Amino acid sequence: MSCLDTIADYGLRSIGIGEKLLPRTDFTLCQQFTLIGSGLIWNIYFAVVALLFGFFLANALALARIAHSPLIRKPAEWFVFLFRGSPLFIQFFLAYEILVLLPRSGIHILGLTVETSWLTRAWAGALIVLFLNTAAYSAEIFYGALQSIPKGDLEAAEAYGLTGWKKFTRVQWPTMLRLAWPSYTNEAIFMLQSTTLVFFSGFPALSQMGDALYYANYFADKTFNPFIPYPIIAFYFVILTLIVIWGFSRVNRYLNRHLPQNTQSRIRLRPQLLR
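This text gives an overview of the structure that appears in the document. Everything quoted here is computed from the prediction, not taken from an experiment. (Residues numbered from 1 in each chain as written. Predicted model: local features only at pLDDT ≥ 70, side-chain atom pairs only at ≥ 80, totals over all residues. Heavy atoms only, no water.)

### Let's talk about the overall build of the protein
Here comes step 1: Helix and strand counts for the protein stand at 9 helices and 2 strands.
Here comes step 2: N-terminal to C-terminal, the α/β element order of the protein is α-α-α-α-β-β-α-α-α-α-α.
Here comes step 3: Per-residue burial over the protein gives 39% buried out of 275 residues.
Here comes step 4: Residue pairs at least 24 apart in sequence account for 74% of intrachain contacts in the protein once pairs closer than 6 positions are excluded.
Here comes step 5: For the protein, the computed accessible surface area is about 16800 Å², with 66% contributed by carbon and sulfur atoms. (Helix = DSSP H or I, 4+ residues; strand = E, 2+ residues; numbered from the N terminus. Buried < 20%, exposed > 50% of the residue type's maximum accessible area, 1.4 Å probe, protein only. Contact = heavy atoms within 4.5 Å. Areas by Shrake-Rupley, 256 points an atom, 1.4 Å probe, with all protein chains shown as cover.)

Rendered as structure tokens:
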């Protein structure tokens, strides 16, 4: 079997497309690269979806933390403290145990039965934990950025007649993003790396269609040689990290496009005719 045939058979195995059975013997380097890369689809799914929804929740939590009402501020502070103060692995474990305790027949609400068994699967249960975790860390980053907005910017906005929602959307929120984006980039990288913990979380993969670490561990167990599959998964994550850094740096450049140090100066030819 050529490497192209291996990619065609196993390239999308982690999402249920292609060969159902894993190779048992005579593992080739192409098979290991292909299957681990196939499992990487789930890691990307966890990171992208958790960061996408976590971004919006983090903004809401950051706003709640600067609210004057303690009924709004205190729950946001407790949420952030809970998820920042406990290890992510413990959050996985507790979430799995709680979701397993839900009735197998579903929850009955207003005469309707809501199915809950899907929450114990990795694609849903582990994603919820990652989503809440990154929202808490990102909320603290955005909250610090809101506190760091120069007072002069706010006073200038009020001088122009901007108050309330208009001041927030045109001055406070863009400035918050600009100040928080470098730290938020680190959070995105951390969340990408944290997706490997799903393999140890207890949330079962669907029909042996696990993430990248699932396949790396499979090859390490079968070959008794961890020095091939684990460097492969490290290589993949280094590439993904470089892509994240590149993408977030482009956004950061866009957010800071108006600053003098980011404006490209044009070379102008001005002959000095008169002294």
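Structure's up, so let's keep going.
### A short note on the packing of helix α8 (residues 212-223) against helix α9 (residues 229-255)
Here comes step 1: Where α8 meets α9, the axes come as close as 8 Å, and the angle between the chain directions of the two elements is 160°. The angle between α8 and α9 falls in the class roughly antiparallel. Of the two possible hands of crossing, α8 and α9 adopt the one that is right-handed. On α9, the residues that touch Ala212, Leu213, Ala216, Asn217, Phe219 and Ala220 of α8 are Pro229, Tyr230 and Ile233.
Here comes step 2: Residues that form the contact of α8 with α9 fall into these classes: 8 nonpolar, 1 polar and no charged. (Axes fitted to C-alpha atoms, helices over the stretch in contact; angles between N-to-C directions. Parallel < 35°, antiparallel > 145°, perpendicular 65-115°, else oblique. Left-handed = near helix turned anticlockwise from the far one by under 90°. Nonpolar A, V, L, I, M, F, W, Y, C, P; charged D, E, K, R; others polar.)

### Examining a nonpolar patch on the surface
Here comes step 1: Taken together, the side chains of Phe89, Ile90, Phe93, Leu94, Ile98 and Phe200 make up a nonpolar region of the molecular surface, amounting to roughly 590 Å² of accessible area.
Here comes step 2: Positionally, Phe200 belongs in the loop between α7 (164-194) and α8. (Patch = residues over 30% accessible without salt bridge, like charges linked within 9 Å, V, L, I, M, F, W, Y side chains within 5 Å. Salt bridge = Lys/Arg side-chain N within 4 Å of Asp/Glu carboxyl O.)

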